[in-house]
Amino acid sequence: MLGRSDSRTRALLLLVAFVIVAGSLGIRLAYWQVVRRDELAAMAVRQSSMRYEIPSKRGSIYDRSGTVVLATSVSRDRLAANPKLLTPDRRAQVAARLVQLLNLTGDDAANLTARMTSDREYVVLARELDPSASDEIRRLSEGDNPELAGLILEPQSVRLYPQAGGGPRTTLAAHLLGFVNRDGVGQYGVEQYYQDDLAGLATVVAAQRDASGNAVPESSTVIEPGYPGQNLTLTVDASLQVAVEQELLSAWIADRAKRVSAVVMDPYTGEVVAYASYPSYDANQYQALAATDPGVFVDPIVSTVYEPGSVFKMLTATAALGAGTVTTKTKLRDTGTLQVDGGRAHVDDADHKPMGVMSFEDAVAYSRNVVAAKVALKLAPTTKAASTKLYDTWRTMGFGAPTGIDVANEVGGIVRDPATSPWRQIDLANGAFGQGIAVTPIQLAQAYGAMLNGGMLVQPRVVKAIGDRDTNPVVKGRVMPDTLSTTLTSMMHHVVHEVDFYRSRTLIPGYDVGGKTGTAQIWDAERHAWKVNLFNYSFVGYVARNPGRPDLVIAVRIEEGRPTVIRLGHLEMPVMSFELFRRIAHTAITTPDLVPDSHVAPGIGPRP
Amino acid sequence: MITPLTAVRALGRDRAPGRDAPAVRERTPARDRAHANTLQRQRHEPEYGILVAIVALAAIGILMVYSSSAIKSFLQRDDPFAIVGPQIFWAALGLVAMVVMMRVDYRWLRVVSVPMFIVGVAALLLVFVPALNKVVGGSARWLTIGPLPAVHPAEFMKLALVVYLAHWFAKRGTAVHGLRSGTLPFLVIAGPVIVLVLLEPDLGTASVLAFTAFTMFFLAGANLIHLAALVAAAIPAVCLMFMKGYQMDRITAWLNPWDSASSLGFHSVQGFLALALGGVVGAGLGESRLAGGLFLPNAFNDFIFAIIGEEFGLLGAGLVIVLFLAFGYLGIRTSLGAPDTFGALLAAGITAWICLQAFINIAVVVGLIPVTGIPLPFVSAGGSSLVISFAAVGILLSVSRETVERGTWNDAPADRGRRDGRAHLPGPRRGPVAPRATRRA
């Protein structure tokens, strides 16, 4: 046993090797921890930090009473799954149970089964689950040996439009409200226009994230606290809105029209109390519609233009009476047809028959195109000056520019400026009765509002209050003297009282009404010809509790109505625009709490 | 009475030079002369420095395993102690194993060295039986037999190989030097073990086994020419192995971790980032960003050193290196002072194994060598590794209880002869017993 066969020297060599290796490890360690520290640490912080946003609850939308919920956000669960956690057998089992639980059939069931039995780590199985279904899934996922596994319920904010509209499969005031897409962004209408107020500000959170990109819960800190979305109170009255939508539906059916629209507005404050179009849509089902018929989202009241026709004779009257070239009693000769531009063109009355000498107000009442054209041509000594005068009146009354109503996607219409492209006589003559110009119904309501309220142009608006903050009327300024306004109001009164045809179907016993009809031909841009037997019917008028003191202005438009009785100058439909006006006006004026006891006319003080 | 000495004699006497029993007896205390067979050496206190270093490392390990696994365990298993709990249990079990081994005369291991080796090889073979193995991360490394917890046979093999090689080298004595008596038999013993682990496949553990075996062979007196030839032969073999796409990719990822920071280089890059975040003094306990174990998937395991670096900085990570180096120094000192060749090689083998494994692990983290998945001894989470390592240190401590001062009886240099295979006489004028036939007078 004497001596050792192992080598002492080599053991010492091993120790030396250890020291060298440990030393180089230490040096390399210092390289990372000291030399490259700043550069790499910054990279590490960048990689392990994240910011994400928690959306605030979107504000609800109420009608003017503040009690009827037109739109609100609720939390609904989205059902997702991680099939990779489960064995193939188990996946099929869970899929079958879910199909049964969610009452799925056909394609939906096959779809869900396919997703659940896939090999992916994240699949969305169903959206917007009923609360009861969510609870049931939660209950079945608990316990030691649950029936369901691998499922994730993710709460999502869902926009609900709880009120049914006047038509089938529609929600109330769908065009006015718009809808909210999956990203929480409002589309169309008030939802789009007031996106920022409704959405509020999302809470911004900074957190550390792990390698799979998920936030580490303990590390989250709020960077910006955000605030909840504000509720909106509309100026629209829900019960009137329902009634108007129902009237529009019946007119749409009876007249076989393409579209019908109506706006009811307080001319003194610009508050729109009803705002409806048909065909409308179900905002809760916007996704299905977006795939099949996205055109239905376009709001006819602010986003589509048309040639207004004879309702524009009131604009010609405004210009002429304002310029003093005529009075309401001025006698003018209706010749049935009028040669202009040296005989190269002519304008005709609708019935092509001369009615002889008549007062200006009668000519407007009987809607004589020839008289209107004559008045327009005589606005000034030259065609150019007369054109400028009429054009200026239009612009002053708000045509050719958006009204500024707080609804998204408003258009300004089309008005040709005679300064840049001079009008011929025929242009002036046509313009006198509303051909050759394109306007929106809301522009008509605004302009008529100014004629009726004492001469102030007031911007239409649909939101009465944002949160607790009331909105104020926006008065654009005086566009005519008070006296002219009174004259124009009485002219409208005269129209519906003078003509038998209107009188029998427009007057409301106990109330004062007035207005102007319009029946416009429709230019078919594809065929370059007027459409046959299709007309745009308009009526813009007022209803008042006290004679000569309009309470509400109502603009009605029946687009591409199909008349049932067609004679020269006589186009009858089951529901004429003024009949529709009367029904709406009657409902509106009798709606409680809609019109104030006395109006405060902006700029001219109280009107009794 | 059976003592380790008598038991070993029954196995066959050491072929150590000067196997003259009388010489031993002369230097044996008088009270034992009458009972040579019951000769007992004086035991003294173990080398407590080793104990301190190892317990410190294990404590750091438990702390860091908790720090780096708590969030992950909490998120995945709803229990922050899901990983560190078993670790504490295994550490306690390991301490018991260490104390037991420390109190047992290490020479008893010579009796069980052969059975241990056979059991170890058998376990490695059983891993290839599909019904018994448990595949972890694409390689079959775990063995499950009946209701017993899964064990990692390669860990046990490390100890079995060290014990058996120490026994075998001690028995061979200077014959280790020869080709047929030393190098070839060594390759026959160590080769199959390394190949089996390599086939699992577990390149990391295989390289630890190979390095340990060759270090022991070197210390036991390997022929340097043979050793050099082996290394020369190994280089093309290793190169050939790395030609396989998977290994090649690892090499590329090691050379340029930033190019593949989201795939193969992910671990390395995250390790560097963690180290950089730590700086000199560290972010503080539990403050690691990349850990929480969430960025570094193996934060509580193969890359725990990176988390130590992040939470305790250069100072803490340096301390771990220093602790392993201190362990290495004390282990080699124990080996040098061991009372016999077996004890010396046993001590050196255990020290080499633990230190090599630690250095390889740390070298991976700091990017000095390509990524191979081996745990940091005593620190990384892992039951088999911890218990076996503690038992091995217990054996080392047992050797350290019998160290002797230099200049005592067993200090004489082993006579390795003149490399001509002949016997040589000791003494100042050493020469061959008989002149060579070819030698001229």
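Small disclaimer: the values here were computed from a predicted structure and weren't measured. (Residues numbered from 1 in each chain as written. Chains lettered and ligands numbered in written order. Predicted model: local features only at pLDDT ≥ 70, side-chain atom pairs only at ≥ 80, totals over all residues. Heavy atoms only, no water.)

## Things to note about the overall build of chain B
Step number 1: Secondary structure summary: chain B contains 15 helices and 2 strands in total.
Step number 2: When burial is assessed residue by residue, chain B has 51% of its 441 residues classed as buried.
Step number 3: When contacts within chain B are restricted to residue pairs at least 6 apart in sequence, those whose partners lie at least 24 apart make up 71%.
Step number 4: Accessible surface, chain B as shown: approximately 19700 Å² in total, 66% of it carbon and sulfur. (Helix = DSSP H or I, 4+ residues; strand = E, 2+ residues; numbered from the N terminus. Buried < 20%, exposed > 50% of the residue type's maximum accessible area, 1.4 Å probe, protein only. Contact = heavy atoms within 4.5 Å. Areas by Shrake-Rupley, 256 points an atom, 1.4 Å probe, with all protein chains shown as cover.)

## Thoughts on the overall build of chain A
Step number 1: For chain A, the count of helices and strands is 19 helices and 27 strands.
Step number 2: Buried positions account for 55% of the 608 residues belonging to chain A.
Step number 3: Here the analysis covers contacts within chain A between residues at least 6 apart in sequence; of these, 72% occur between residues at least 24 apart.
Step number 4: As displayed, chain A offers around 25800 Å² of accessible surface, 53% of which is attributable to carbon and sulfur atoms.

## Examining the packing of aromatic side chains
Step number 1: Applying the stated criterion across every chain, the model contains 30 aromatic pairs over all chains.
Step number 2: Ring geometry for W32 of chain A and F272 of chain B: centres 3.8 Å apart, planes at 15 degrees, overall stacked. Of this pair, W32 of chain A sits in helix 1 (residues 8-35) while F272 of chain B sits in helix 12 (residues 266-278), each in a different chain. Comparing W32 of chain A with F272 of chain B shows no difference in burial state: the two are buried. (Phe/Tyr/Trp six-rings, centres within 6.5 Å; stacked < 30°, edge-to-face > 60°.)

## Let's talk about the sheet that holds strand 1 (residues 49-54) of chain A
Residue and element names in this part refer to chain A.
Step number 1: One open sheet accounts for 3 strands, arranged 1-8-9; its pairing is antiparallel. Edge positions in the open sheet fall to strand 1 and strand 9 (221-224), since each of these has one partner strand only. The mean angle between the axes of side-by-side strands here comes to 35 degrees, regardless of whether they run parallel or antiparallel.
Step number 2: Here strand 8 (residues 203-208) runs beside strand 9; their pairing, made up of 3 bridges, is antiparallel. Bridged to V205 within strand 9 is V222. (Pairing = 2+ DSSP bridges. Axes fitted to C-alpha atoms, helices over the stretch in contact; angles between N-to-C directions.)

## A few points about the side chain of T72 of chain A
All names here are of chain A.
Step number 1: Counting through the fold element by element, T72 comes out in strand 3 (residues 69-81).
Step number 2: Residue class for T72 comes out buried when judged on its relative accessible area of 17%.
Step number 3: Side-chain polar atoms of T72 contact the side chain of S60, separated by 2.9 Å. (Polar contact = N/O pair within 3.5 Å; in protein donor to acceptor, adjacent residues only side chain to side chain.)

## Some thoughts on unusual backbone geometry
Residue and element names in this part refer to chain A.
Step number 1: With an omega of 5 degrees, the peptide bond between Y278 and P279 qualifies as cis.
Step number 2: Relative to the helices and strands, P279 is located in the loop between strand 12 (272-278) and helix 10 (286-292).
Step number 3: One non-glycine residue, N533, lies in the positive phi region at around 60 degrees.
Step number 4: As for its position among the elements, N533 is in strand 22 (residues 529-544).

## Here we look at the pairing of strand 11 (residues 259-265) of chain A
All names here are of chain A.
Step number 1: Summarising burial for strand 11: 7 of the 7 residues are buried, a large majority.
Step number 2: Neither face of strand 11 is left uncovered, since the one carrying R259, S261, V263 and M265 and the one carrying V260, A262 and V264 both have all their residues buried.
Step number 3: Sheet analysis places strand 11 next to strand 12, joined by 6 bridges and oriented antiparallel. Following the sheet pairing, M265 is matched in strand 12 by V272.
Step number 4: Between strand 11 and strand 12, which follow one another and run antiparallel, lie 6 residues, and G270 among them has a positive phi close to 80 degrees.

## Examining the packing of helix 7 (residues 153-172) of chain B against helix 8 (residues 179-199) of chain B
Residues and elements named next belong to chain B.
Step number 1: Between helix 7 and helix 8, whose axes approach to 12 Å, the crossing angle comes to 175 degrees. Between helix 7 and helix 8, the interaxial angle falls into the category roughly antiparallel. Of helix 8, the residues touching helix 7 (which contributes A154, M157, L161, Y164, L165, W168, F169 and R172) are S181, G182, P185, F186, I189, V193 and V197.
Step number 2: For the contact of helix 7 with helix 8, a count of residues per class yields 12 nonpolar, 2 polar and 1 charged. (Parallel < 35°, antiparallel > 145°, perpendicular 65-115°, else oblique. Nonpolar A, V, L, I, M, F, W, Y, C, P; charged D, E, K, R; others polar.)

## A short note on a nonpolar patch on the surface
Residues and elements named next belong to chain B.
Step number 1: On the surface, V96, V100, V104, W108, V111 and V112 cluster together to form a nonpolar patch covering roughly 440 Å² of accessible area.
Step number 2: At the level of secondary structure, the elements contributing two or more residues to the nonpolar patch comprise helix 5 (84-103) and helix 6 (108-126).
Step number 3: Turning to its location among the elements, V96 is positioned in helix 5.
Step number 4: Taking relative accessible area as the criterion, V96 reaches 51% and is therefore assigned exposed. (Patch = residues over 30% accessible without salt bridge, like charges linked within 9 Å, V, L, I, M, F, W, Y side chains within 5 Å. Salt bridge = Lys/Arg side-chain N within 4 Å of Asp/Glu carboxyl O.)

## Overview of the side chain of S67 of chain B
All names here are of chain B.
Step number 1: Within the secondary structure, S67 sits in helix 4 (residues 48-77).
Step number 2: The class of S67 is buried, set by a relative accessible area of 12%.
Step number 3: Within the local environment of S67, its side chain forms a polar contact with the side chain of E311, the two groups lying 2.6 Å apart.
Step number 4: Ignoring any residue separated from it by four or fewer positions in sequence, one finds S67 in contact with L285, G286 and E311.

## Notes on the sheet that holds strand 21 (residues 512-524) of chain A
All names here are of chain A.
Step number 1: Strand order in the open sheet made by the 5 strands is 12-11-23-22-21, with antiparallel pairing throughout. Two strands in the sheet have a free side with no partner beyond their single neighbour: strand 12 and strand 21. With strand direction ignored, the average angle separating the axes of adjacent strands in the sheet is 10 degrees.
Step number 2: Here helix 9 (residues 238-255) sits on the sheet and contacts strand 11, strand 12 and strand 23 (552-561); the angle it forms with strand 12, its principal contact strand, is near 30 degrees.

## Re helix 15 (residues 383-400) of chain B
Step number 1: For helix 15 of chain B, which comprises 18 residues, the first-to-last C-alpha distance of 26 Å matches the rise-based estimate of 26 Å (1.5 Å per residue) to within 8%.
Step number 2: Most of helix 15 of chain B sits out of view: 18 of its 18 residues are buried. (Expected span 1.5 Å × (residues − 1).)

## Here's the deal with a positive patch on the surface
Step number 1: A cluster of basic side chains, namely R115, R120, R127 and R182 of chain A, defines a positive patch on the protein surface.
Step number 2: Its place among the elements puts R182 of chain A in the loop between strand 6 (179-180) and strand 7 (186-187). (Lys, Arg positive; Asp, Glu negative; His and termini not counted. Charge placed at Lys NZ, Arg CZ, Asp CG, Glu CD.)

## Concerning the confidence of the model for chain B
All names here are of chain B.
Step number 1: Model confidence for chain B is summarised by a mean pLDDT of 79, while 74% of its residues fall at 70 or above.
Step number 2: Summarising per-element confidence for chain B, the mean pLDDT is lowest in helix 2 (residues 21-27) (44) and highest in helix 14 (residues 341-365) (93).
Step number 3: Across residues 15-40 the pLDDT falls below 50, and counting only partners more than four positions away or on other chains, this stretch makes 28 contacts in the model.
Step number 4: Of the two predicted TM-score estimates for the complex, the pTM is 0.64 and the ipTM is 0.84. (pLDDT = per-residue confidence, 0-100.)

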